[in-house]
Amino acid sequence: MSGPAILVLEDGRTFTGTSYGAEGETFGEAVFCTAMTGYQETLTDPSYHRQVVVMTAPHIGNTGVNDEDPESGRIWVSGYVVRDPARRPSNWRATRTLDEELSAQGVVGISGVDTRALTRHLRDRGAMRVGVSSIDTDPQSLLTRVLASPTMAGADLVSEVTTTQPYVVPAIGEHLFTVAAVDLGIKAMTPHRMAERGIEVHVLPATSSVDELLAVGADGVFFSNGPGDPATADHAVQLMRAALDRQIPVFGICFGNQVLGRALGFGTYKLIFGHRGVNQPVLDRATGRVEITAQNHGFAVDAPVGVVTDTPYGRVEVSHVGLNDGVVEGLRCLDVPAFSVQYHPEAAAGPHDSAYLFDRFVDLMRATRVSA
Amino acid sequence: MPRRTDLNSVLVIGSGPIVIGQACEFDYSGTQACRVLREEGIRVILVNSNPATIMTDPEVADATYVEPITAEVVEKIIERERPDALLATLGGQTALNTAVALHERGVLEKYGVELIGASIEAIARGEDRERFKEIVASIGAESARSVICHTMDDCLSAVVELSYPVVIRPSYTMGGAGSGIAYDEADLHQIAGAGLQASPTTEVLLEESIIGWKEYELELMRDRNDNVVIICSIENIDPMGVHTGDSITVAPALTLTDREYQHMRDVSIAVIRAVGVDTGGCNIQFAVDPATGRLIVIEMNPRVSRSSALASKATGFPIAKIAAKLAVGYSLDEIPNDITGVTPASFEPALDYVVVKAPRFAFEKFPQADPTLTTTMKSVGEAMAIGRNFTEALQKALRSLERAEAVFGWGKQPLDKDALVAQAALPRDGRLRVVQQALFAGATVEEVNVATGIDPWFLDQIELINEVAAEVRAGADLAPHVLRRAKQHGFSDRQIGALRGTTESVIRGVRHALGIRPVYKTVDTCAAEFAASTPYHYSSYDEESEVAPRAKPAVLILGSGPNRIGQGIEFDYSCVHAAMTLRESGYETVMVNCNPETVSTDYDTSDRLYFEPLTLEDVLEVYHAELAAGPVVGVIVQLGGQTPLGLAQSLKDAGVTIVGTTPEAIHLAEERGAFGRVLADAGLPAPKHGTAMSFPEAKAIADSIGYPVLVRPSYVLGGRGMEIVYDEPMLSDYIERATQISPEHPVLVDRFLDDAVEIDVDALFDGTELYLAGVMEHIEEAGIHSGDSACALPPITLGHAEIDRIRRSTEAIARGVGVRGLLNVQYALAGDVLYVLEANPRASRTVPFVSKATSVQLAKAAARVMLGSTIAELRVEGLLPRTLDGGSLPADVATAVKEAVLPFGRFHGVDTVLGPEMKSTGEVMGIDALFGTAFAKSQLAAYSGGLPTGGRAFVSVANRDKRSMVFPVKRLADLGFEILATQGTADVLRRSGVIATVVRKHFEGDDGTLDAVQQILAGDIDIVVNTPYGVGARVDGYEIRTASVRKGVPCITTVQGLAAAVQGIEALLAGEVGVRSLQEYGRDLRAWREES
Ligand SMILES: Nc1ncnc2c1ncn2[C@@H]1O[C@H](COP(=O)(O)OP(=O)(O)O)[C@@H](O)[C@H]1O
Ligand SMILES: Nc1ncnc2c1ncn2[C@@H]1O[C@H](COP(=O)(O)OP(=O)(O)O)[C@@H](O)[C@H]1O
Ligand SMILES: [Mg+2]
Ligand SMILES: [Mg+2]
C-alpha cells in the first residue's frame, strides 16, 4: 500500500490521494484527457511535456505496458493523475504494469483523486499550474512552490523534446517520395503512417538550419506536433517560410498547424482548457464530412472561418473546424502547396478517420512533382 | 442535409408483446422515435399489439393501431392510412421481419411506401448469416468457420468438417431463439431441428465453437453523409458461449488496448458501410482470442437493439431518438447533443464512470427448464448500475437484481475451493457469486480464469472486493477509513452489517454520524468536458456532488427495477405517467430506477433521474440528497409494483413522507389477518382459509374447509410457490417440497373455488369517491393466475347488477383499507357469491390495458389523487370522465381482450399448463366490435399464426371437463374441423354425434400408427385441446403440450379457453377482420360520455 500524496492547483484547490508511480514531487500545467483507451500512447506523447495529465477514465493501467505502443522513447508527462489504477494488468501483449513503468521512469503520480471534480474545476477555471507531491503533503508549502513554477504561456519547450540527431524512417515497400520531417515533438506513428505510403522520412532536429532542411532534397516538408507555446517557435516559422518560398509541399499537424498559421501571419492564442481526447468532431469544410479526431492542443490559430484570407503566401482558407467550439482545426493554402491540421491524423491513440490526410500530402507531392 | 420535405406521414412498427429477448427496450426506442417524428411535424401511424407500452398511448402517435403485428394486418393499416414511409428499425426483430414480409408481399411497392432507416437489401445483408459472412470477408475481417444448413442432413455432414462442439445459429431471429451449442449428435438433432424451425428462412448456421473467447459489442450510428460514430463499447464479463443478453456486461470495454479497440472500430465501420445501413443505429458483436488478440466478427443487428438501449442509458446518448432524426434526413452534425445543449451529436461519448448490467432470470418458475446459460437467451430482465469504478458499479448492479442470493457474501464456515471452481466452470444464474466464493475460498485468479474464461482483470477486481470485506471484518471496531473504502467499492450497509455481525441500520447510523454519504455525479456523454444541462445522476462515494438546488417542490417516484415475471413494463408505464402529469402540475419529478430498458429511465421523462438500486439504503440517500436540494413533498411507492411497495413502511420509519395510501393502509391489504378483518367489517366473503405452522395444522385446516385447497407460503409475489392441492397426499408432498413450514414461515391454506369466474378490478379512491376504472372478466376460471389468463373488458357475461355489486364491494374495501390512489381487487364469482381473493393497494398489471380500453388516463389520475386532488376535481378538469365510470360503458362499446404471452418456447421440456403461479412475460390486446373478433386478434397477436380456420383439431380432456367440452368441440366439427381425440374423449363425443378419429396416447402401446405426440410433431395437427386433470395431469398430456409448443401449434389447456377460441374461429370464418385506431375508439367513447 503506497503512502499519501496531494495535488495542489495554483488557485489553491487541493485534492488528497495516494502516491502512484514514483515517489516525489512534480510541477506542470494541469490538463485533462478524456480518452478511454491508449494511456500508454498518451504518456509517451512529447506534446504532454511539462503537463500533469488528469485521466477522466477511472480505470487506468488495465492492459499494462507493452513494447509496441509507446509513441516515443520515454514518458513525457510531468505528472499523472488517476482514480483507480489497475492492480493487475491483463492483456496478451502486456510485459509489465503501468505502476512499475511510471516508477522506473521516475514519473510522479497520484491516485484515488476525484478526477471528475478536478476536471470540472479545470473546465470552468481553465488549465493552470499544479503540483503533485508524495514527500511534502502540506498544501500551503506545496502551493508556494506551484506559484513559483513556470507557466505554459510563453514556454519554449520544443528544444527539450526534439531529436538531437537526424534519423531516417525508410519507406515500407516501394520508395515513392522523400519527406523532411521537422521534429517539434514528433510521435512514432507519424513517420510510420508516411512510410506506409512509400515515403522515406528524414526526421530532423527542430534546430536544423534552412540549408540542412533543404539539403535533404525532399519532395515535401512535414512539421510535427509538439509542446509549448507556438508564439515562441520563431525558428520553426523560419523553416516553414523557407519551404513556402520554394513552393515545396508542406504538411503540418498540431504544433505544425500553428507554425503554418504564424508563417502566414495569423496569431495564435491559448484555449481555456484545450482539446485533449480521441472523440473530437471536426468538420472538413470542403466535403461536409465529419471526422472523429484525436486531439491534444492547448493553443489554437486565430484565423477567420468561412472567408478566404490574403496572406504573404497568397490566398488561405480554414479547411477544418472543431464542431464542439468552432476552433480552427485546419488551414489550406490555395496558392502554395501547403496545408495543416490542428489534430492528429496519425491517431495513436485515437480513431483512424483522418488517415486520408497523409494521402492528401502524397497527392500534393505528386501533383507538384508533375507540374515541376 | 436538413430534414426531408417529402415525408409527411410515417408508419412505425413496434415490437409487440414482451418476450424473452425482446422486452421494453423497444417501447423506449419506439416512443422516442414517435415523439421525434411528431416534433418534425410528421403524421405518425403506429402499430403495436402491446397495450402496456407508452408508445401505444393515444397522445404519442396520430393514429395508434393496437392490432396484431403481421404482414396481413399491417397491409390493412397501410391501405387505410397510406403512409409515405415505413420505419422498421426501432421495433426489434418483429418490426424488421414484418417489413421484410411486407416487401415480399409487394405491399410496400403497391402502396408506394418507402422503407427508411435500413433498406431491404441492407436488412438481408445484415441478418442473413451467410451473406453477412461474405461481407465480413470482403472487408478483410474474419468470422468463425461455419457452414450454412437448410436440412438436418446438411447439418450432419457439416459437423464432420467442423467437429463438436458446434454452435447453431438460425437466421432472422433474436435472443438466440432456436440456437444452442451441440456437443454430440443427439444435441445436434434437438437444437438444429428447433433452429430450422425457428428461422423464417429454415436456415441455420453451424459454426466452429469459440467458447471462452472474450465477447464485445459496439453500438454504431451512421447518417446520410456517411458519417459514422461509435456510441459505446460493451464488454461481456461472461465470455463467448453465454448470450450477451444473459451475460453480465460492462461499459466501456475495460480490457482493450487502443490498438485492439481501434481495430474493432475500423472493422465495425467497414461492416456498417458494406452492409449499407444508410441511417440509424446498429450493433456489431465481436469475439477476441485472449491469447492472441485475434478478432472475429460474430454478428450485426442492422437496427436498434437491446444493447442500444443499454448503450443509451450507459452514455446518455439517445440512440433511438437520433436514429429517428437521421431516418428523416438530418445528419449527425445537424443534431444537437441534448445533454450539453451546445455540442453536436456527431461525436463519440466519453465515460468517466463504469456501467455494469446484470441479467435477471426466472428459472424458479420453470423447474423443468435447463438453467445452463448458453447461446439462447433465457433472462427475463436486467438491471444496470453506474459507479465511479467497476467494483462500485458491480455491487450496485447485483443488489439492483433484488435477489439476496445474487449479492456477494462472506460466510464464516469453510468453503470447498475445488467444488466452487468446478461449479463456476458451468455458466448459470449467479455464477459470478460462485466465482467470488471460489476466490474467497482461496482459489487463485489463474485457476478461476482457466475454469471460467473470465478475464483476470475482472477476477482481480472481485478479489479486491474480497480483500476489502476482510478488512471490514477484521479489527475490534470499524475504522472510518475502512468504512469509506468499503463504500467506495460498492458495499451496502447490509453487507457491511453482515460482516460486522450487526444490522444494516446500525451501520447506517455509524456512517451518517461519520458524515460518510454518497455524492451524486452526472452522466453527461463527455466526461465533464462540457457542462451538462440534464440532471441524470448516479451515486458514488467520491468527493464532489453535482445535485443542483431547486425551488419547486419535488416528488420522488420509485420505479419497479428489473423486469421479472409478475412485475414488468406495466409498472413502468404507470411511473412514467405519474412523471408526466406531476410535471405538468408544477412539481419537480424525480425518478429512481435501475432498469435500462425502460422509458422511465430516459433522462427526459422526469425532471431528474437517479439511476440507482431500489433498496432502502439507496432510496434513503437519494431522498436525503433531494431534501438538501429543496422541498420534497414525498415519495410515490404505489406505482412501481411490489418493489417500492415493500419499501413503504421502512421508508416511513426512516422519516420519509409517503404520498397516497399510507404504509399502515398497505399493511391492512397485504397482511392476511388484517385484511380478513377489513372484509369481515365490510361483510364481504372470502374463500375459507387458515394459516398453518405445521403439516398437521395444514391437514386439519384442509379437512375442515374441504379439498381442493390452494396452498402457498405467506408473503408471496406473482403467486410464487402457489399450488392447487386435491388431496392429502398432494398436500404432504407440497409441504415437503415447496415449504420450510414453521411458525416463522407459515403456509396459507385457502378453499380452492372450483368453476369460479375470476374478475379483476382496477379502481381509484380519494377517500370519499370511488372511480371504478375497469372490470375485467377472465376467460380462464379462477385458479389460473390473473396475469396468465386472458380477460375481456367490458366483462362478457356480467350484467349491471353484478357490476354494481362489484362497485360497492370495491368501494367498501377501498374505504376499509384507507386507499388514496389505485386499488386492484381480484374477485371470484362462484355460484352467486362474489368472493374477494385479494386486494393490491397499488397500480396493477392491468392499469395500461384498462386505460387504453376505456380511453381514460388512469395512472395520471392516480398520481394526482395521491397528491391531494379529488376525483370530483379531476372529473371537472377532464382527466376523468365528467360522469359515469369504467363500469358503465355504452352497450355497443368495443370489446378489448387481453391475452398473456408465455415463454414456454424458450424452455425445452417445460409444461405449458397454467396455474395459480404466474408464468407469462408479456401481454397483447385485441380490440374489436365483437368479443370473438377481439379474441381472435389477441390470439394472432400472441402466437404466430393465431387461430386456425380449419384443419385437424386434436382433443384430449380430463374427465372433469368432458361435459363442458362437448358443445364447443361439436361446434368445431360443424365449422369443418376434422376431430381427432384420445379414446375416452372420443367416446363422449360420439355419444353427442361427433365422430372423432381415435388417436393413441403417447404411452399406450405402439401399434404402428402415429400417436398423438408424433402426429403433432409431424405437423398433422392444427389445434390442440388438452386440459390436465388434478394429480396425474401434470404428467398426463405433458408430452402432448410440450410437442405443441415445439411445433408452435395453438394448444388450449382450459375448456373456457376452448369456448373463446371457437368464438374466435367463427369470427374469422365470418370474414374480413378490420383495423381501427385507438384514437377512433376514444372519439366514440368521449362522444357517448358527453351525451350521457
Ligand atoms: N461460434 C461461436 N462460439 C461460441 N459462442 C458463440 C459463437 N457464436 C455466437 N456465440 C454466442 O452466442 C450468442 C448469441 O449469438 P448471436 O449471433 O449474437 O445471436 P443473437 O442474434 O441471438 O444475438 C453470442 O452472444 C455469443 O456469446
Ligand atoms: N381461493 C381461490 N380459489 C380459486 N382460485 C384462487 C383462489 N385464490 C387465488 N386463486 C387464483 O390464484 C391466482 C393468484 O392468487 P393471488 O392471491 O392473486 O396471488 P398474487 O398475489 O400472486 O396475485 C389468482 O389470480 C386466482 O386465479
Ligand atoms: Mg447477438
Ligand atoms: Mg393477484
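Structure: above.
Heads up: these notes are all about the structure in this document. No experiment lies behind these values; they were computed from the predicted model shown.

Quick look at the pairing of strand β14 (residues 295-301) of chain B now. Across a regular strand the side chains alternate sides, sitting on one face of the sheet and then on the other. In terms of burial, β14(B) is largely enclosed, as 7 of its 7 residues are buried. As consecutive antiparallel partners, strand β13 (residues 280-288) of chain B and β14(B) are separated by 6 residues, and within that stretch B:G293 has a phi angle of approximately 80°, a positive value.

Turning next to empty space enclosed by the protein. Residue and element names in this part refer to chain B. A complete count under the given rule lists 18 cavities of 30 Å³ or more for this structure. Counted as a void, the largest cavity has a volume near 530 Å³. Forming the boundary of the largest cavity are 36 residues, of which R169, H243, Q285, E299 and T375 lie nearest the centre. Among the secondary structure elements, those contributing two or more residues to the lining of the largest cavity are α1 (25-39), β7 (166-170), β9 (204-208), β10 (214-222), β13, β14 and α10 (306-315). Of the residues contributing to the lining of the largest cavity, the split by class is 10 nonpolar, 16 polar and 10 charged.

Okay, the coordination of the magnesium ion (ligand 4) next. Four donors placed tetrahedrally about a metal ideally form angles of 109.5 degrees, and six donors placed octahedrally ideally form angles of 90 or 180 degrees. Within the first shell, the magnesium ion (ligand 4) binds the protein through B:Q826 (OE1), B:Q826 (NE2) and B:E838 (OE), at distances of 2.1 to 2.6 Å. Here B:E838 lies in strand β32 (residues 833-840) and B:Q826 lies in strand β31 (residues 821-830), a separation of 12 residues in the sequence.

All names here are of chain B. Taken together, the 7 strands give an open sheet; going across it, the order is β14-β13-β10-β11-β12-β15-β16, and neighbouring strands pair in antiparallel fashion. The open sheet has two edge strands with one neighbour each: β14 and β16 (381-387). Along the sheet, successive strands turn relative to each other by an average axial angle of 25°, direction set aside. Sheet topology note: the strand β15 (residues 354-360)/β16 ladder contains 7 bridges and is antiparallel. Note that in β16 the partner of K357 across the bridge is M384. Here helix α9 (residues 258-275) sits on the sheet in contact with β10, β11 (228-236), β13 and β14, set at roughly 50° to β10.

Glancing now at the interface of chain A and chain B. Taken together, the contacts link 52 residues of chain A with 64 residues of chain B. Across the interface of chain A and chain B, roughly 4800 Å² is buried in total on both sides, 45% from carbon and sulfur atoms. For the chain A face of the interface with chain B, the top three residues by lost area are A:R87, A:R88 and A:R116, together amounting to 17%. Counting the contacts that link chain A with chain B gives 15 salt bridges. With a shortest N-O distance of 2.6 Å, A:R116 and B:E546 are connected by a salt bridge. Mapped onto the side of chain A that touches chain B, the elements with two or more residues apiece are α3 (115-125), β15 (267-284) and β16 (290-302) of chain A. Of the residues assigned to the side of chain A that touches chain B, the class counts are 18 nonpolar, 19 polar and 15 charged.

This part covers the packing of helix α14 (residues 431-440) of chain B against helix α16 (residues 456-473) of chain B. Residue and element names in this part refer to chain B. Between α14 and α16, whose axes approach to 9 Å, the crossing angle comes to 60°. Between α14 and α16, the angle is such that the two are oblique. The handedness of the crossing between α14 and α16 comes out as right-handed. For the pair formed by α14 and α16, the contact residues are L432, V435, Q436, L439 and F440 on the first element and L459, I462, E463, N466 and R473 on the second. Of the residues contributing to the contact of α14 with α16, the split by class is 6 nonpolar, 2 polar and 2 charged.

Each value, and the rule that gives it
- By convention here, each chain's residues receive numbers from 1 onward along its written sequence.
- Chain A is the first chain written and ligand 1 is the first ligand written, with later ones labelled in order.
- Owing to the predicted nature of the model, reporting of local features is limited to residues with pLDDT of at least 70; listing and counting of side-chain atom pairs is limited to 80 or more, with chain, interface and lining totals taken over all residues.
- With hydrogens and water set aside, each side-chain value is computed from the structure's full complement of heavy atoms.
- The buried label applies to any residue whose accessible area, calculated with a 1.4 Å probe on protein chains only, is under 20% of its type's maximum; exposed applies above 50%, and partly exposed to all values in between.
- Here a helix means four or more residues in a row that DSSP labels H or I, a strand means two or more in a row labelled E, and each is numbered from the N terminus.
- Only when DSSP finds a minimum of two bridges between them are two strands counted as paired.
- In this analysis, the protein atoms alone were mapped onto a 1 Å grid. Cavities are point sets where a 1.4 Å probe fits without being able to get out; pockets are open sets with protein on both sides within 12 Å along at least five of seven lines; lining residues have an atom within 4 Å of a point.
- Grid points are joined across faces, edges and corners, and a volume is the space filled by probe spheres set on the points.
- Gly is put with the polar residues, along with every residue not named as nonpolar or charged; the nonpolar set is Ala, Val, Leu, Ile, Met, Phe, Trp, Tyr, Cys and Pro, and the charged set is Asp, Glu, Lys and Arg.
- Only nitrogen, oxygen and sulfur atoms within 2.8 Å of the metal, or 3.2 Å for Na, K and Ca, are treated as donors, and water is left out, so sites may look incomplete.
- Lines fitted to C-alpha atoms define the axes, with helix axes restricted to the stretch in contact, and inter-axis angles between N-to-C directions lie between 0 and 180 degrees.
- Note on contacts: a residue pair is in contact if any heavy atoms of the two residues lie within 4.5 Å.
- Joining two parts hides part of their accessible area as seen by a 1.4 Å probe, and the buried area is that hidden amount summed over both.
- In the sections that follow, a salt bridge refers to a side-chain nitrogen of Lys or Arg positioned within 4 Å of a carboxyl oxygen of Asp or Glu.
- The scheme is simple: roughly parallel for angles under 35 degrees, roughly antiparallel for over 145, roughly perpendicular for 65 to 115, oblique for anything else.
- Handedness of each helix crossing follows the sense of rotation of the near helix against the far helix: counterclockwise by less than a right angle gives left-handed, clockwise gives right-handed.

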